[in-house]
Amino acid sequence: MLGKGLLDILIIEDNSGDIVLTREAFEEVGLTERVHIAKDGEDALRFLYHQPPFENAPVPDIILLDLNLPKKDGREILHEIKNDEKLKVIPVIILTTSKSEKDILSCYRSYANCYIEKPVDFDEYIKIIEMIKDFWLNLVRLPGEKKN
C-alpha cells in the first residue's frame, strides 16, 4: 500500500489500445507509479487475492475498472471488491465507454468511488488522468498513506 512514495495502480482493462493509451496518459502527467494490468475479470480477482500467477502482487492503492470485460465483467468485479472486508477500502474508479444510466446507477449502488466515461480524444484522456491524479493522489488521503 501507499507510503507517499510509489503507488500501485491496478488497471482492469481488456482493450490493448486502451491499456496503451492509459499508460501513455500516466506518463504524460508525470505518474511514474507501478501500473499493473489485469486483462479480464478472472485475472483481476486472481491479482487481488494473490492467486497464481499473482502470488506476489501488491495490494493496489487505486483500481481503474472497465465494465465490459471478458469472463467476469466489471460490475461483478466491483461487487466482489466492495463486499470483501480487506478490499473494499481500495478506491475503485470506473473508467468505461458506457454512458448507460443503468450502469452508472448500478456502479454507485455497488459503491464505486466514481464513474468516468472514457473520452475518445487523447488530449481529453490526458485531462481525465490529470484530474484523477490531482484528486486521488494529491488531494485525498488514501488508506495506508503516511503524510509528513
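Because the structure is predicted, anything quoted here is derived from the model rather than measured. (Residues numbered from 1 in each chain as written. Predicted model: local features only at pLDDT ≥ 70, side-chain atom pairs only at ≥ 80, totals over all residues. Heavy atoms only, no water.)

1. So, the sheet that holds strand 2 (residues 34-38)
Rule in force here: Note: two strands are recorded as paired if DSSP finds a minimum of 2 bridges between them. The numbering of helices and of strands both runs from the N terminus, where a helix is a DSSP run of H or I of at least 4 residues and a strand a run of E of at least 2. For every element, the axis is a line fit to its C-alpha atoms; helices are fit only across the contacting stretch, and the angle between N-to-C directions ranges from 0 to 180 degrees.
In spatial order, the strands read 2-1-3-4-5; together these five strands make up an open sheet with parallel pairing. Since the sheet does not close on itself, it has two edges, and those belong to strand 2 and strand 5 (114-117), each with one partner. Shown here is a sheet whose adjacent strand axes are inclined to one another by a mean of 20 degrees, direction ignored. Of the strand pairs in this sheet, strand 1 (residues 8-12) and strand 3 (residues 62-65) are connected by four bridges, and their pairing is parallel. When the bridges of strand 3 are listed, Leu10 appears paired with Ile63.

2. Re the nonpolar core
Where we set the bar: What we call a nonpolar core is a set of buried Ala, Val, Leu, Ile, Met, Phe, Trp, Tyr and Cys residues that are connected through their side-chain atoms within 4.5 Å. Here's how the labels work: a residue is buried when its accessible area is under 20% of the maximum for its type, exposed when over 50%, partly exposed in between, all with a 1.4 Å probe on protein chains only. Whether two residues are in contact is decided by their heavy atoms, any of which lying within 4.5 Å being enough.
Counting 24 residues, the largest nonpolar core has Ile12, Ile63, Leu65 and Ile94 as the members making the most contacts within it. Secondary structure elements with two or more residues in this core: strand 1, helix 2 (41-48), strand 3, helix 3 (74-82), strand 4 (92-96) and helix 4 (101-109). For this core, the leading source of residues is helix 2, giving four residues. Leaving out residues up to four positions away in the same chain, Leu65 has contacts with Ile12, Gly74, Ile77, Leu78, Val92, Ile93, Ile94 and Leu95.

3. Points about unusual backbone geometry
Here the amide bond leading from Pro52 into Pro53 is cis, since omega sits at 5 degrees, within 30 degrees of zero. For Pro53, the location among the structural elements is in the loop between helix 2 and strand 3. One non-glycine residue, His50, lies in the positive phi region at around 55 degrees. You can see His50 is positioned in the loop between helix 2 and strand 3. Residue classification places His50 among the partly exposed positions, given a relative accessible area of 32%. Here the phi dihedral of Tyr111 falls at roughly 70 degrees; this positive angle occurs in a residue that is not glycine. One can find Tyr111 in the loop between helix 4 and strand 5.

4. Focus: the side chain of Asp103
To keep things clear, this is the line we draw: We call two N or O atoms a polar contact when they sit within 3.5 Å, provided that within protein one can donate a hydrogen and the other can accept it, with sequence-adjacent residues counted only if both atoms are side-chain atoms.
Topologically, Asp103 is positioned in helix 4. Among the polar contacts made by the side chain of Asp103, one reaches the side chain of Ser98 at a distance of 2.5 Å. Apart from the residues within four sequence positions on either side, Asp103 is in contact with Leu67, Arg75, Ser98 and Tyr115.

Any functional reading would require information beyond the geometric quantities listed.
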